[in-house]
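# Examining the three-dimensional arrangement
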Amino acid sequence: MNKHSFPNGLQDNHGIGVFMKKHMNIPIFIPHEGCPNDCIFCNQRKISGCTAAPNEAELRQVIRAHLSHADHPRDSEIAFFGGSFTGLPFSKQEQYLKIAEEFVRAGQVGGIRLSTRPDYIHEAVLELLGKYSVKIIELGIQSLDHDVLHRSRRFYSPETALKACQLVKNHGFSLGVQTMLGLPGDTLSKSLRTAETLILQQPDMVRIYPTLVIRDTELENQYLSGQYQPLTLNDAVSWCSEIVPKYEAAGIRVLRIGLHHSENMEIGAQVVAGPVHPAFGELVYSEIWRKKIIYQLSKAMESGQKLIIHVPASDVSKVIGQHRKNMNYLKQAYGFTSIKVLGDWKNPNSCHLEFQG
Ligand code: SF4
């Protein structure tokens, strides 16, 4: 892969989704640029396979290359990620922004988005970004627990992170937040508290990343020496299934759950250990559905012999679960002789249970 080409759907811990059906991000990868230190879990070069930020010519080339196959270029955004954009010297930020702005002014893309650290958000830098077509600022919050932040070498306080959220919103930008689950010292209750506190900040969108042990990171050393254990896949799915519905109930878009899966991001490639799965988000939504159905079942324990579950057509496979996991569970737990899942329910994110004797 060329050092400035990008795999489909690339994500990083300050990550930004790359190709979506209509909306497209044009990813400009600036690995570790502007970062004060390496956080213990992070190695952007391993995650992406890209080694250096582009120069001016390369930046224009990357943007043009993506635009050449964009179906809806005006819905595209130029997305700076993989580093701490607002930690760069102002002159460097302006150098990038001016080039991106050329494409916005020419009507070729819809705007600019970027990701950065919360401790690099302040009035002066937001005023700078406000001079350009920056629409979305994503903050790598990761956790709002002091100990977890410190052990991850983030070196800012939860208060700083919350203040950054409000500054971004007060300056009129859309706010994205990124959190990680299962960092050293993390627990489910800490992650739930982080989510609940972030929801109060009313971000527009969130990305949730269970922690993976990436090659050539301090976390790899801690894992190999037995000081750190990542979440199991089951735990990571279970934690996400508790946290995701909280954001969704508050009307906050969940843009991504888990790093984008690619050959690079498999155990044995750049991932040493951790809850990797090619369809991680699907597992989470399947678990969420299982919990929703169990909740409804518990309210309707006068169950008959047969169960018919009516759900939105787009959710049928998630309700059934991989290898019919949810169906098998319901049969075993509640003794149904048969279970049918019908995609005929019109209300999104809800279901209707029908019992037949
Ligand atoms: S600040 Fe962000 S990009 Fe930089 S090392 Fe930490 S997690 Fe990685």
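Just so we're clear, the structure is a prediction, and the values are computed from it rather than from any experiment.

### Focus on the overall build of the protein
Each helix and strand in the protein was counted, giving twelve helices and twelve strands. At 22 Å, the protein has a C-alpha radius of gyration in line with the 21 Å of a compact globule built from 357 residues. Within the protein, the proportion of its 357 residues that are buried is 52%. Only carbon and sulfur atoms are counted for the fraction: they give 48% of the accessible area of the protein, which is about 15400 Å². Put simply, the protein has 38 plus and 35 minus side-chain charges, and the middle of one group is 4 Å from the middle of the other.

### Quick look at the state of the cysteines
Any covalent bond linking the sulfur atoms of two cysteines counts as a disulfide. Summed over all chains, the structure comprises zero disulfides. The thiol sulfur of cysteine 240 is not disulfide-bonded, and the nearest other cysteine sulfur, from cysteine 42, lies at 19 Å. The exposure class of cysteine 240 is buried, given its relative accessible area of 0%.

### A few points about the side chain of serine 191
Turning to its location among the elements, serine 191 is positioned in helix 7 (residues 188-200). Aside from chain neighbours lying at most four places away, what touches serine 191 is Met180, Leu181, Asp186, Trp239 and Ile243.

### As for the pattern of salt bridges
Following the criterion strictly, the structure yields 13 salt bridges and no others. One salt bridge in this structure joins glutamate 77 and arginine 113, with 3.0 Å as the shortest N-O distance. Here glutamate 77 is found in strand 2 (residues 77-81), whereas its partner arginine 113 is found in strand 3 (residues 111-116), with 36 residues between them in sequence. Exposure class is identical for glutamate 77 and arginine 113. Each is buried. A salt bridge links aspartate 145 to lysine 190; its shortest N-O distance comes to 3.4 Å. Linking aspartate 145 in the loop between strand 4 (134-142) and helix 5 (146-151) with lysine 190 in helix 7, this pair joins segments that are 45 residues apart in sequence. Sharing partners across several salt bridges, the network here consists of Glu77, Arg113, Glu138 and Arg207.

### Notes on the packing of aromatic side chains
Here the structure, examined in full by the defined rule, presents five aromatic pairs. Relative to phenylalanine 81, the ring of phenylalanine 29 has its centre 5.3 Å away and its plane inclined at 65°; by these criteria the two rings are edge-to-face. One end of the pair, phenylalanine 29, is in strand 1 (residues 25-29); the other, phenylalanine 81, is in strand 2, with 52 residues separating them in the sequence. Each member of the pair, phenylalanine 29 as well as phenylalanine 81, carries the same accessibility label: buried.

### Looking at the pairing of strand 3
For strand 3, the tally of buried residues reaches six of six residues, placing the bulk of the element in the interior. Of the two faces of strand 3, both are covered, the one formed by Gly111, Arg113 and Ser115 as well as the one formed by Ile112, Leu114 and Thr116. Here four bridges tie strand 2 to strand 3, and the two strands are oriented parallel to one another. Residue glutamate 77 lies in a different strand from strand 3, and its bridge partner there is glycine 111. The handedness of the strand 2 to strand 3 crossover, carried by helix 3 (residues 90-105), is right-handed. Where strand 3 lies against strand 4, five bridges are found, and the strand directions are parallel. When the bridges of strand 4 are listed, arginine 113 appears paired with isoleucine 136.

Rules of the game
Residues numbered from 1 in each chain as written. Predicted model: local features only at pLDDT ≥ 70, side-chain atom pairs only at ≥ 80, totals over all residues. Heavy atoms only, no water. Helix = DSSP H or I, 4+ residues; strand = E, 2+ residues; numbered from the N terminus. Rg over C-alpha atoms; globule rule 2.2 N^0.38 Å. Buried < 20%, exposed > 50% of the residue type's maximum accessible area, 1.4 Å probe, protein only. Areas by Shrake-Rupley, 256 points an atom, 1.4 Å probe, with all protein chains shown as cover. Lys, Arg positive; Asp, Glu negative; His and termini not counted. Charge placed at Lys NZ, Arg CZ, Asp CG, Glu CD. Disulfide = S-S within 2.5 Å. Contact = heavy atoms within 4.5 Å. Salt bridge = Lys/Arg side-chain N within 4 Å of Asp/Glu carboxyl O. Phe/Tyr/Trp six-rings, centres within 6.5 Å; stacked < 30°, edge-to-face > 60°. Pairing = 2+ DSSP bridges. Right-handed = clockwise from strand over helix to strand, strands pointing away.

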